[in-house]
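A structural walkthrough
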Amino acid sequence: MDANESIRLFGEFLEQQYRTDLFEQSRKGNGFLVVDFNLLATFNPELADSTLDQPEESFKAASLAIEQFELPGTKKFVVRFLNLPAS
């Protein structure tokens, strides 16, 4: 999956699943967003696999997707995943 496609897909995913949380975190001045990996895997299994295979590129793609939102406050976000598979 190329970088532009990852950014686009993360943008769609975050819009659908985390828009409210993202705006709330930004309003509070928090520079992180906690994302449930299971939701990502349900949304797009290929994007989830890519996140596991190339975590640095995926974290950057997610952060770039967040920068495209018109947020109050901070725009530099670190994405943190929970419920990652053990293997």
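Whatever comes next refers back to the structure up there.
A brief look at the structure comes next. Here the residue index of a chain counts from 1 through its sequence in written order. Note on the predicted model: pLDDT of at least 70 is required for a residue's local features to be given, and 80 or more for side-chain atom pairs to be given and counted; whole-chain, interface and lining totals, by contrast, use all residues. Heavy atoms throughout the structure, all of them, feed into the side-chain values; hydrogens and water do not.

Turning our eyes to something else, we now look at the overall build of the chain. Helix and strand counts for the chain come out as 4 helices and 2 strands. Elements are defined by DSSP. Helices are runs of H or I of four residues or more, strands are runs of E of two residues or more, and each kind is numbered from the N terminus. For the chain, the α and β elements follow one another from N to C terminus as α-β-α-α-α-β. The size measure is the radius of gyration over C-alpha atoms, and the globule rule it meets is 2.2 Å times the number of residues to the 0.38 power. For 87 residues, the compact-globule formula gives about 12 Å, and the C-alpha radius of gyration of the chain, at 12 Å, lands near that figure. Expressed as lengths along the three principal axes of its C-alpha atoms, the size of the chain is roughly 35 × 25 × 20 Å. The classification of residues rests on relative accessible area computed with a 1.4 Å probe and restricted to protein chains. Under 20% of the type maximum is buried, over 50% is exposed, and intermediate values are partly exposed. When each of the 87 residues of the chain is scored for burial, the buried share is 36%. Nonlocal contacts in the chain, meaning residues at least 24 apart in sequence, comprise 68% of its contacts between residues at least 6 apart. In this description, accessible areas are obtained by the Shrake-Rupley approach with a 1.4 Å probe, and a residue is regarded as covered only by the protein chains that are shown. Split by element, the accessible area of the chain, about 5,200 Å² in all, is 48% carbon and sulfur. A contact between two residues is defined here by any heavy atoms of the two lying within 4.5 Å.

Moving on to the side chain of Q25. In this fold, Q25 is placed in helix α1 (residues 3-28). Overall, the relative accessible area of 14% leaves Q25 in the buried class. Setting aside residues no more than four positions away along its own chain, Q25 makes contact with N30, F32, L33 and F77.

This brings us to α1. The end-to-end C-alpha separation of α1 is 29 Å, well short of the 38 Å expected for 26 residues at 1.5 Å each. Bending is quantified residue by residue as the angle between axes fitted to the seven-residue window ending at that residue and the seven-residue window starting at it. The axis of α1 is deflected most strongly, by about 90°, at Y18. Packing partners of the buried residues in α1 comprise β1 (32-36), α2 (37-43), α3 (45-53), α4 (55-67) and β2 (78-82). Phi for G29, located one or two positions after α1, is positive at around 85°. Expected span, for any helix, means 1.5 Å times one less than how many residues it has.

Within the largest apolar cluster, 22 residues are counted, with the highest numbers of intra-cluster contacts made by F10, L14, L33, V35, L40 and I66. Contributions of two or more residues to this core are made by α1, β1, α2, α3, α4 and β2. Broken down by element, this core gets its largest block of residues, 7 residues, from α1. Side-chain atoms within 4.5 Å are what join buried Ala, Val, Leu, Ile, Met, Phe, Trp, Tyr and Cys residues into a set we call a nonpolar core.

Quick look at unusual backbone geometry now. With phi around 65°, N83 is a residue other than glycine that occupies positive phi space. By the element assignment, N83 lies in the segment after β2.

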